[in-house]
Amino acid sequence: MAGKPKLYYFNGRGRMETIRWMLAGAGVEVCFYFMEIDLVKLKQGGNLLFQQVPMVEIDGMKLVQTRAILNYIAGKHNLYGKDLKERALIDMYVEGTMDLNELLMHYPFHKPEEKEKQLAVIVEKATTRYFPVYEKALKDHGQDFLVGNKFSRADIQVLETILMAEELKSDILSKFPLLKAFKGRISNIPTIKKFLQPGSQRKPLLDEKTVAEIKKLFDIDQ
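In the nomenclature of an unreviewed UniProt entry, the chain is known as glutathione transferase of Sphenodon punctatus. One UniProt comment on the chain, placed under Sequence similarities (unreviewed entry), says "Belongs to the GST superfamily. Alpha family."

### Considerations on the sheet that holds strand β3 (residues 55-58)
Neighbouring strands of a sheet are bound in pairs by backbone hydrogen bonds; such pairs are parallel or else antiparallel. Pairing is mixed in the open sheet, where 4 strands are placed in the order β2-β1-β3-β4. Two strands close off the open sheet at either side, each with one partner strand: β2 (31-34) and β4 (61-64). The mean angle between the axes of side-by-side strands here comes to 20 degrees, regardless of whether they run parallel or antiparallel. In terms of strand pairing, strand β1 (residues 6-9) meets β3 through 3 bridges, oriented antiparallel.

### Digging into the packing of aromatic side chains
What characterises a pair of aromatic rings is the spacing of the ring centres plus the angle enclosed by the ring planes. Evaluated as defined, the whole model comprises 5 aromatic pairs. For the ring pair Y93 and Y134, a centre distance of 5.8 Å and an interplane angle of 75 degrees mean the geometry is edge-to-face. Here Y93 is found in helix α4 (residues 84-106), whereas its partner Y134 is found in helix α5 (residues 112-141), with 41 residues between them in sequence. Residue Y93 shares its accessibility class with Y134, and that shared class is buried. Summarising the aromatic geometry, the rings of F145 and F151 are spaced 6.3 Å apart at their centres and angled 55 degrees between planes, so their arrangement reads as tilted. For the pair formed by F145 and F151, the shared burial category is buried. The residue whose ring lies beneath R87 is Y80, and the NZ or CZ to ring-centre distance is 4.1 Å. The residue whose ring lies beneath K115 is Y107, and the NZ or CZ to ring-centre distance is 5.4 Å.

### A short note on the UniProt feature "domain: GST C-terminal" (unreviewed entry) in the chain
The residues that UniProt annotates with the feature "domain: GST C-terminal" (unreviewed entry) are residues 83-205. As annotated, residues 83-205 comprises 70% helix and 0% strand, and the C-alpha atoms at either end are separated by 36 Å.

Analysis parameters
- Residues numbered from 1 in each chain as written.
- Predicted model: local features only at pLDDT ≥ 70, side-chain atom pairs only at ≥ 80, totals over all residues.
- Heavy atoms only, no water.
- UniProt positions renumbered as here; feature names shortened; annotations may be inferred.
- Pairing = 2+ DSSP bridges.
- Helix = DSSP H or I, 4+ residues; strand = E, 2+ residues; numbered from the N terminus.
- Axes fitted to C-alpha atoms, helices over the stretch in contact; angles between N-to-C directions.
- Phe/Tyr/Trp six-rings, centres within 6.5 Å; stacked < 30°, edge-to-face > 60°.
- Buried < 20%, exposed > 50% of the residue type's maximum accessible area, 1.4 Å probe, protein only.
- Lys NZ or Arg CZ within 6 Å of the ring centre and 35° of its normal.

Structure (structure tokens):
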């Protein structure tokens, strides 16, 4: 029997968070190795193909690059559609939400005087570019899930991004009733519901202390 996947990253959200969500949605238990001590060791040991994390040890492989890791997990756990057409649609939804997720992920790293302007950018793009697409998809097909009327990585990643956006603007879904109902449905899927409970491996919004630690760890000058 294969062991639990091992996740190597710092003790915070970042690019590993979507991977945590994907594994949680698939019902997979994992082990975490935080990078505050071992990042240099990993680089020197040749374990990081491109000298950067996240890295996931799974099925005898050491996978790097976030999208490659997510693709593998989704494919392995039947979260990637029933055929190439569904996979292409899932990919389009996922790539869109990852663009928005990127803005949300970087928000805590902006200087205090920049945050109001950056929040306005995030809200504008979420409510005029990304959320309308998912609202329309749910309206057009009238089904519970985004693609193929079956739980997929698209549902997981869109929910993750919705919840991140709501942390910054609690009423951001006020004009998207179908997406709001979608949030409720996906949040109540047993594996997702468990991940959303206190004490799970889901990471909180980064605070100033953690941001400072991450900047130091990765030598980020901002």
